[in-house]
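Spelled out from the first residue to the last, the chains are:
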Amino acid sequence: QWERLWFLILTSSFFLTLVWFYFWWEVHNDYNEINWFLYNRMGYWSDWSIPILVTTAAGFTYITVLLILALCHIAVGQQMNLHWLHKIGLMTTLITTVVTMSSIAQLWDDEWEMVFISLQATAPFLHIGALAAVTALSWLIAGQFARTEKATSQMLMFTAYLAVVVALYLVPLTISSPCIMEKKALGPKPAIIGHRGAPMLAPENTLMSFQKAVEQKIYGVQADVVLSYDGVPFLMHDKTLRRTTNVEEVFPERAYEHSSMFNWTDLEKLNAGEWFLQNDPFWTARSLSRSDYLEAANQSVCKLEDMLEVIKDNTSLILNFQDLPPAHPYYSTYINITLETILASGIQQQAVMWLPDTERQLVRQIAPGFQQTSGLKLDAEHMREKGIVKLNLRYTKVTNEDVRDYAMANLSVNLYTVNEPWLYSILWCAGVQSVTSDSSHVLRKVPFPIWLMPPDEYHLIWITSDLISFIIIVGVFIFQKWRLGSIRTYNPEQIMLSAAVRRSSRDVKIMKEKLIFSEINNGVETTDELSLCSENGY
């Protein structure tokens, strides 16, 4: 019973660590976002993604090796005999995995939506892999089935295995992926918008970052605008300057002040590039050329005016704004100042996607050509009433059905932040019009969805794999029954009798008598089948 309990714990740990490892591998798209989230919680920047990924992979590998060894023991009819050190390691891995998964669920519950989205890309292939694993497991199950003497145990074992196999055979009925479609139904490639420029190639929200984005010839860029204390619009995402500048060195006593409470003359003194080379948030700094490395190291805080000068000719723009503190001198007029800067730059109004809800009616009057964009998920009728023509949402906030409904209402959807080609491919198949990305230089080179499969072809693969699996499982059970069914189960009396010395003794006679009654109870009816030896032994 204890062996069964430990095997159950081992199996549960395997599946838990498998799910956690899959989750952490798939959220690679959001590693920088997770690090930024933890930075706001802890107050300092550190790349937590790599330690978590390494420890997760180590734990999963350890549990997998233990499970394989346990199955090998069972296959030859032995108990697991799990060492106490492995029991401690097993429980430590299980508890750590459960605690970590619970913490992520509480702190970052939205990220679990990533698992369901990723299954749209991986489920057809995971199904084939799971089918192969369960089919291979039939050798072990069939062997145990053939060795088991009790009909009840046989029926229980066979029923459980059959339920798992049938469930796997029917899993494709629940698989839904936008990339299971005819090639001719595929829509145009989603336009790419650089998130704060090209942050994998240069420090975010710097002039160099937007220059790199323009060089990539992408559709547009996204920028975060703040107004300085003396009324100069500049680019900064965080509320403070700590993460992306050296404010702690230049103005240590003001490091935690809101970025808008600095005059532009003070902001000009800050370096906005060294952090990128030191922290290397996307693991790309080492790949920069010597000239790019030096240029990145000397970046400063960027004015909105300078950025508009770089992108105004051929690039669209999504503008996001930080709310100013009430004590800011331009608290009530920062929208007007920003509008004046945009219009004075000469950028075409239809190239600007205006995101803030603040003073939207005023913006529509002053700049009627702006594309009014909402960061909240609204129904199509409400959007038309407010004059909104585009949605800018996180990719976990919309479904494939939502995208189709908005498209039918002649409303476009931009999703952020999309960095991985597989996620870009899924959204492409779903019909998304544009995405915001940190890796625009990667996505622009994706010529076609990673995989696209017609429904008939998918059904053929599904049915064929199920049939092959079924034939193999039936063949394995027949073979194992034939191979092991004729092997008689030896009881203690037979083993001891075979080792007895060649002489008459009272003990040998007693063992012979026990063996006779044992075989009679097993259904042996004739004395010839008893295979009894003479009184002198074998």
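As a convention, each chain's residues are numbered from 1 in the sequence order in which they are written. Predicted model: local features are reported for residues with pLDDT of at least 70 only, side-chain atom pairs are reported and counted for 80 or more only, and whole-chain, interface and lining totals are derived from all residues. Hydrogens and water molecules were not included; the side-chain quantities draw on all heavy atoms of the structure.

(A) Structural view of the pattern of salt bridges. A pairing counts as a salt bridge when a side-chain nitrogen of Lys or Arg comes within 4 Å of a carboxyl oxygen of Asp or Glu. Under the defined criterion, the tally for this structure stands at 15 salt bridges. In this structure, Glu204 engages Arg196 in a salt bridge whose closest nitrogen and oxygen atoms are separated by 3.2 Å. With respect to burial, Glu204 and Arg196 carry one shared label: buried. Salt-bridge contacts for Lys212 lead to Asp292; the nearest nitrogen and oxygen are separated by 2.9 Å. Of this pair, Lys212 sits in helix H7 (residues 207–215) while Asp292 sits in helix H11 (residues 290–297), and the two are 80 residues apart along the sequence. Side by side, Lys212 and Asp292 carry an identical accessibility label, which is buried. When salt bridges that share partners are traced, they join Arg196, Glu204, Asp224, Asp238 and Arg243 into one network. Remark: exposure states derive from per-residue accessible area (1.4 Å probe, protein chains only) relative to the maximum for the residue type, with buried under 20%, exposed over 50%, and partly exposed in between. A run of H or I in DSSP becomes a helix once it reaches four residues, and a run of E becomes a strand once it reaches two; helices and strands are each numbered from the N terminus.

(B) Here's a closer look at a positive patch on the surface. Residues enter a patch when their relative accessible area is above 30% and they make no salt bridge; the linking distance is 9 Å between like charges and 5 Å between nonpolar side chains (Val, Leu, Ile, Met, Phe, Trp, Tyr). Areas reported as accessible are Shrake-Rupley estimates using a 1.4 Å probe. Residue values count occlusion only from the protein chains shown. Within this scheme the basic residues Lys and Arg register as positive and the acidic residues Asp and Glu register as negative, but His and the chain ends are omitted. In this description, the location of a charge corresponds to atom NZ of lysine, CZ of arginine, CG of aspartate or CD of glutamate. Judged by side-chain charge, Lys189, Lys217, Arg444 and Lys445 come together as a positively charged surface patch. Mapped onto the elements of the fold, Lys217 is located in the loop between H7 and strand E2 (220–227).

(C) Representation of the packing of helix H1 (residues 2–26) against helix H5 (residues 113–147) in the model. With their axes 10 Å apart at the nearest point, H1 and H5 run at an angle of 110° to one another. With respect to their mutual orientation, H1 and H5 come out roughly perpendicular. In this structure, H1 uses Tyr22, Phe23 and Glu26 to contact H5, whose residues at the interface are Met114, Val115, Ser118, Leu119, Thr122 and Leu126. Asp, Glu, Lys and Arg are counted as charged, while Ala, Val, Leu, Ile, Met, Phe, Trp, Tyr, Cys and Pro are counted as nonpolar; the rest, among them Gly, fall into the polar class. Broken down by class, the residue content of the contact of H1 with H5 amounts to six nonpolar, two polar and one charged. Note on geometry: axes are C-alpha line fits, over the in-contact stretch for helices, and angles between N-to-C directions span 0 to 180 degrees. To sort the angles, those under 35 degrees are grouped as roughly parallel, those over 145 as roughly antiparallel, those from 65 to 115 as roughly perpendicular, and the leftovers as oblique. A contact between two residues is defined here by any heavy atoms of the two lying within 4.5 Å.

(D) The packing of aromatic side chains, seen in detail. To pair, rings of Phe, Tyr and Trp, with the six-membered ring standing in for Trp, must have centres within 6.5 Å; the planes then decide the type, stacked if under 30 degrees apart, edge-to-face if over 60, and tilted in the middle. Counted by the stated rule, this structure contains 26 aromatic pairs. Between Phe23 and Trp24, the aromatic rings sit 6.1 Å apart at their centres with planes inclined by 45°, giving tilted as the arrangement. The structure contains a cluster of three or more aromatic residues connected by ring pairs, namely Trp20, Phe23, Trp24, Tyr31, Trp112 and Trp283. Sitting over the face of the ring of Phe251, Arg254 holds its NZ or CZ atom 5.8 Å from the ring centroid. Only when the NZ atom of a Lys or the CZ atom of an Arg is both within 6 Å of the ring centre and within 35 degrees of the ring normal do we say a charge sits over the ring.

(E) Inspection of unusual backbone geometry at higher detail. Here the bond from Tyr416 into Thr417 is cis, since omega is -20°, no more than 30 degrees from zero. Its place among the elements puts Thr417 in the loop between strand E8 (412–416) and helix H17 (421–430). Positive phi outside glycine occurs at Asp280, with the angle close to 45°. Relative to the assigned elements, Asp280 resides in the loop between helix H10 (274–279) and H11. In this structure, Trp283 takes a positive phi of about 60° despite not being glycine. On the basis of relative accessible area, Trp283 is assigned to the partly exposed category, the value being 40%.

(F) Here's a closer look at a nonpolar patch on the surface. Where nonpolar side chains cluster on the molecular surface, the patch consists of Phe158, Leu162, Val166, Leu170 and Leu173 and spans about 440 Å² of accessible area. Of note, Leu173 is situated in the loop between helix H6 (151–170) and strand E1 (191–195).

(G) Here's a closer look at the UniProt feature "transmembrane region" (unreviewed entry) in the protein chain. Under the feature "transmembrane region" (unreviewed entry), the UniProt entry names residues 5–25, 48–76, 88–108, 114–143, 155–175 and 460–479. Secondary structure over residues 88–108 splits into 95% helix and 0% strand, and the C-alpha atoms at its two ends are 29 Å apart. UniProt positions are given in the numbering used here, feature names are shortened, and annotations may be inferred rather than shown by experiment.

(H) Layout of the state of the cysteines. In what follows, a disulfide is any cysteine sulfur pair within 2.5 Å. Inspection of the entire model under this criterion finds one disulfide. Between Cys179 and Cys429 runs a disulfide, and the two sulfur atoms are separated by 2.2 Å. Negative torsions about the S-S bond denote left-handed disulfides, and the value of about 95° found for Cys179 with Cys429 makes this one right-handed. Remark: Cys429 occurs in helix H17 and Cys179 occurs in the loop between H6 and E1; sequence separation between them is 250 residues.

(I) Main features of the pairing of strand E6 (residues 371–374). Here E6 shows two buried faces, one formed by Gln371 and Thr373 and the other by Gln372 and Ser374. Pairing analysis gives two bridges linking strand E5 (residues 352–354) to E6, with the strands arranged parallel. The residue of E6 that forms the bridge with Met353 is Gln371. Handedness of a crossover: with both strands directed away from the viewer, a clockwise path from the first strand across the helix to the second marks it as right-handed. Handedness of the crossover is the feature at issue here: the chain leaves E5, passes through helix H14 (residues 360–366), returns alongside E6, and the resulting connection is right-handed. Strand pairing is assigned whenever DSSP detects at least two bridges linking the two strands. In this structure, E6 lies alongside strand E7 (residues 390–394), joined through two bridges in parallel fashion. Paired with Thr373 across the strands is Lys390, a residue of E7. The handedness of the E6 to E7 crossover, carried by helix H15 (residues 380–385), is right-handed.

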